[in-house]
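Examining the three-dimensional arrangement
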Amino acid sequence: MAATALLKQTPKPSDAQIEAAMVNLCRCGTYNAIHAAVHELAGKGDA
Amino acid sequence: MNVRIDPSQEASALALHEPINVSRRRFLAGTAVGALVLGFGLPLGTTRVQAAVAAATAERGTQVPAFLEIRPDNRVRLLCPFMEGGQGTFTAMAQIVGEELDADPSTFLVEAAPPGEAYVVMENGMRITGGSMSVRMSYPVMRRLGALARAMLLQAGAQKLGVPVGELSTEPGKVVHAKSGRSVAYGELAEHAMDLPVPDPASVQLRDPSQFRWIGKPVKRVDAYDKSTGKALYSIDLKVDDMLHAAVQHAPRLGMTVGNLRNEEQVKAMKGVHSVHRLPGAVAVVAERWWHAKRAVEAIQVDWQEPTADSKVRSMPADFSSDAWLKRLAEDKGPARDDENEGDVAAVLASAKTRIDATYHNQYLNHGQLEPPSALARFNPDGSLEVWLPNQAPDMFRADIAKRTGLDPSRITLHSPLLGGFFGRHFLYDAASPYPQAIELSKAVGRPVKLIWSREEEFLRDVLRPVAAVNFRAALDNDGWPLAIEAISATEGPTKALAGKQGEKLDPTALEGLSGKSYAIPNKRIAQIYAKGPAMLGYWRSVGNSLNDFFYESFLDELADKGGKDPFELRLHLLRDNPRLTTLLQAVGELSGGWKRGPFTAADGSKRARGVAMASPFGTQTAVIAEVSIENGQVKVHDIWQAIDPGSIVNPAIVEAQVNGAVALGLSQTLVEEAVWIDGKPRARNYDLYPILPPARMARVHVRVVESGEKMGGIGEPPLPAVAPAVANAVATLTGQRVRSLPMSRHTFT
């Protein structure tokens, strides 16, 4: 949901914008994967 | 967004809702008898385990029909001896079995196997999901299992096609007769194949590793689709017909008992309440809906009674404070027992010109796994019992349920759903799991009951990662190299904590990470002062290594500083006769762009430094470099470079994910995380007061896997221990401040 809201507002988010939007705690530590996934999605939206 | 249609969904949902059909496969008749009952933490080498190991070695993992079902549509259902909790073991097992069976891992449906001797596949004679053991302890056996199944399919194919078996080969999912150009899908042969006798294990040949298609490749996770689409079911999600819900309120301190309930009548009249129950150390409300049960149970005003002397659980005193306990450990001068003792430490220390002494300690931690514990219990009309519960050791849990209920184990069906994270939380810990309560409530109300512990109840009863205070003494030679090191740890290991007493032998999980170091220091002594505390302890990801490598690797940097040595060079020097670790250390240096200690100024103008540390946990070797700066008085970790040598690997993508996850948990305990107890109670009952690493404090993670070809090691836990000391060493270089306790949020940096 946070990712959808972010990408609707900002189709090409910067690292800082992703950091500001994706604030959920993750006990398994997937933070870098979440970051990469948002970038990947944003890239796809372009195509 | 397109919805992917996955034909497996319907079938797998059905499989999860339906308990495993006991009558369908003969194997279960075999597995129900003589279940191997293992006390976890039983030191290997005791007679019972030795006997079990000997008996099982030849036959382990050879009851093919117990593990595999190949359906008419060619999908392969694997009953896996290990639990999936996000660490990727279901995928790894599909890769390993699929490789030898000659079936694509993507065609696998993997579920946790029931308890039973058939599934005791680990080379140490156990079946647990922990200690980073699943893959490394079962790899040859699970490969052989796949190869045996393939041999049975070939045999069935020979009969079906009327050709000699020697003329047949396989391609993924089918038996092929090249001569005639005919082939038969596994799904067509399976029913007949599974009725054939299992061939002699010695008769099957395993695939040459150079020919692997799936082992060693970043195969997609078999559980990703169900989890991403919300279809995966955890214990907390399960429903059975006629089920009631339950919630509990635990005694504020373990050992206290239920006295008068001041408002029982009012609570009984609350919305949705079915009944109110007194349990050992807890009260419960059963209701048609969990929310009603929770609201009602939290409203009960209980006169809790102080623990009695004959309390069966470890009673928590009203004056227990974690800070005071840590202080007491640091001052403990009790008798110490040696684990390692080489050279003459006492004499070298007494005569040394350069001495370094330091005291370190760590903090208690909660598991904090995403899914709070739950359990669903149902007594069937024939008096048999079914229980669904998160667990890392099904045979132990079934044995415990048998003991509690008086039922024969054959009358107990234990289901092991997916785990919503675990980190060691779901071993058998007394008074720390809801299933005894769920069983008692189900019996009392005569209907199935699902009990979920709220997050608050979980934080109250979770077992803690152990603490230690270590007094180090060391001596340097005239050239500044370490000559002697002594570490005396005042601690209670988690394994001994479960036993509740000190055993004949030292608890290896207490000292691992202080013991087992590979550095060539001629005089060393590693010893433990057994310090039994009032807190319930458990296994936490990387167990003893999670604290001990922080102590040792930080202190080693203190020796480097005192001797005027660069810490990277010092380690290379101490590992000069160890090619494997030398290679690994050089690999992490290279990965980070060449060892650069600092302090230096980064492109953004911040002042930074790097630290290095190593660890040897769970059969794997690791080396970590961390880069840090100070922001607003707190440590900011920018990058973690980790080189990891587990011998050989099965799935590089999962390895990388595990390193990322372990680094996150490692940073969490380094920077912010601690379970603080005051007046016999935990300060935090939820994440509002229990800090875990937030996304803004995660570091970039760079991984290099070094496959030395040495004996296979673990993956889930090993990437954690070297993180804390690498960060602490970087901080010391940057600030001159040596951090001797965690978390760093307790310190202020300038």
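Conventions used here
Residues numbered from 1 in each chain as written. Chains lettered and ligands numbered in written order. Predicted model: local features only at pLDDT ≥ 70, side-chain atom pairs only at ≥ 80, totals over all residues. Heavy atoms only, no water. Pairing = 2+ DSSP bridges. Helix = DSSP H or I, 4+ residues; strand = E, 2+ residues; numbered from the N terminus. Contact = heavy atoms within 4.5 Å. Axes fitted to C-alpha atoms, helices over the stretch in contact; angles between N-to-C directions. pLDDT = per-residue confidence, 0-100. Phe/Tyr/Trp six-rings, centres within 6.5 Å; stacked < 30°, edge-to-face > 60°. Buried < 20%, exposed > 50% of the residue type's maximum accessible area, 1.4 Å probe, protein only. Lys NZ or Arg CZ within 6 Å of the ring centre and 35° of its normal. Arc of directions from axis to C-beta. Buried area = accessible area lost by both parts, 1.4 Å probe. Salt bridge = Lys/Arg side-chain N within 4 Å of Asp/Glu carboxyl O. Polar contact = N/O pair within 3.5 Å; in protein donor to acceptor, adjacent residues only side chain to side chain. Nonpolar A, V, L, I, M, F, W, Y, C, P; charged D, E, K, R; others polar. 1 Å grid on protein atoms, 1.4 Å probe; cavity = no way out; pocket = protein on both sides within 12 Å on 5 of 7 lines; lining within 4 Å. Points joined across faces, edges and corners; volume = space filled by probe spheres on them. Parallel < 35°, antiparallel > 145°, perpendicular 65-115°, else oblique. Left-handed = near helix turned anticlockwise from the far one by under 90°.

1. Comments concerning the sheet that holds strand β24 (residues 634-645) of chain B
Residue and element names in this part refer to chain B. Read across the sheet, 5 strands follow the order β21-β22-β23-β24-β27 without closing on themselves; strand pairing throughout is mixed. Edge positions in the sheet fall to β21 (600-601) and β27 (700-705), since each has one partner strand and no second. Bridge analysis of β21 against strand β22 (residues 607-615) gives 2 bridges, and the strand direction is antiparallel. Counterpart to Thr601 in the pairing with β22 is Lys607. Across the face of the sheet, helix α22 (residues 723-735) comes into contact with β22, β23 (621-631) and β24 while running at roughly 145° to β22.

2. Some details on the confidence of the model for chain B
Residue and element names in this part refer to chain B. Taken as a whole, chain B shows an average pLDDT of 92; of its residues, 92% reach a score of 70 or greater. Across residues 1-55, where pLDDT falls below 50, the model places 78 contacts with residues more than four positions away in sequence or in other chains. For this predicted complex, the interface score ipTM comes out at 0.94, while the overall pTM is 0.92.

3. Details of the packing of aromatic side chains
Counted according to the given criterion, the structure contains 16 aromatic pairs over all chains. When the centroid spacing of 5.0 Å and the interplanar angle of 75° are considered together, the rings of Phe67 of chain B and Tyr119 of chain B count as edge-to-face. With a gap of 52 residues between them, Phe67 of chain B in helix α4 (residues 64-67) and Tyr119 of chain B in the loop between β3 (108-112) and α6 (134-161) connect regions that are remote in the sequence. Here the two residues Phe67 of chain B and Tyr119 of chain B agree in accessibility, since each one is buried. For the pair Phe459 of chain B and Tyr687 of chain B, a centre-to-centre distance of 5.7 Å together with 90° between the ring planes defines the contact as edge-to-face. One end of the pair, Phe459 of chain B, is in helix α15 (residues 455-461); the other, Tyr687 of chain B, is in the loop between β26 (681-682) and β27, and 228 residues separate them in sequence. Relative accessible area serves as the criterion here: at 3%, Phe459 of chain B is assigned to the buried category. With a relative accessible area of 23%, Tyr687 of chain B lands in the partly exposed category. Each residue in the set Tyr360, Phe472, Phe550, Phe551 and Phe555 of chain B is aromatic and connected to the rest through ring pairs, giving one cluster. The positively charged end of Arg27 of chain A is found above the aromatic ring belonging to Phe423 of chain B, 5.9 Å away from the centroid. A cation over an aromatic ring shows up here: Lys565 of chain B above the ring of Trp481 of chain B, its NZ or CZ 4.0 Å from the ring centre.

4. Section: the pairing of strand β9 (residues 273-279) of chain B
Residues and elements named next belong to chain B. Across the 7 residues that make up β9, a large majority, 5, are buried. Summarising the sheet, β9 and strand β10 (residues 282-287) pair through 6 bridges and their orientation is antiparallel. Counterpart to Val273 in the pairing with β10 is Ala287. Hairpin connection from β9 to β10: 2 residues lie between these consecutive antiparallel strands, with Gly281 at a positive phi of about 70°.

5. What to know about the environment of Arg71 of chain B
Within the secondary structure, Arg71 of chain B is located in the loop between β1 (68-70) and β2 (76-80). A C-alpha to C-alpha distance of 56 Å links Arg71 of chain B and Trp304 of chain B, two positions 233 residues apart in sequence.

6. A short note on helix α7 (residues 186-193) of chain B
All names here are of chain B. Turning to α7, its buried residues number three or more, namely Tyr186, Gly187, Leu189, Ala190 and Ala193. Take α7 and look down its axis: the buried residues cluster within an arc of 155°, on one side only. Facing away from the buried side of α7 by more than 90 degrees, the exposed set consists of Glu188 and Glu191. Looking at the packing, one finds that the buried side of α7 touches β1, α5 (89-101), α6, β4 (168-171), β5 (174-177) and β6 (182-185).

7. Topic: the interface of chain A and chain B
Taken together, the contact between chain A and chain B spans 10 residues of the former and 22 residues of the latter. Both faces combined, the contact of chain A with chain B buries some 1,100 Å², and carbon together with sulfur accounts for 61% of it. By the criterion of area lost to chain B, the three top residues of chain A are Arg27, Tyr31 and Asn32 of chain A, representing 61% of everything that side buries. The partner of Glu673 of chain B in a salt bridge is Arg27 of chain A, with the nearest N and O atoms 2.7 Å apart. Counting across the chain A and chain B interface gives 6 residue pairs in polar contact (both at pLDDT 80 or more). Residues that form the side of chain A that touches chain B fall into these classes: 5 nonpolar, 3 polar and 2 charged.

8. Some remarks on empty space enclosed by the protein
Residue and element names in this part refer to chain B. Tallied over the entire structure, the rule returns 11 cavities of 30 Å³ or more. Looking at the largest cavity, it is lined by 16 residues, and the ones nearest its centre are Leu254, Leu460, Asp462, Met536 and Trp677. Of the residues in the lining of the largest cavity, the class split is 11 nonpolar, no polar and 5 charged.

9. A few points about the packing of helix α13 (residues 394-405) of chain B against helix α14 (residues 435-445) of chain B
All names here are of chain B. Between α13 and α14, the least distance of the axes is 11 Å, while the angle of their chain directions is 45°. Between α13 and α14, the crossing angle belongs to the class labelled oblique. Crossing geometry of α13 relative to α14 is assigned as right-handed. Of the residues in α14, those in contact with Phe397, Asp400, Ile401, Arg404 and Thr405 of α13 are Tyr435, Pro436 and Ile439.

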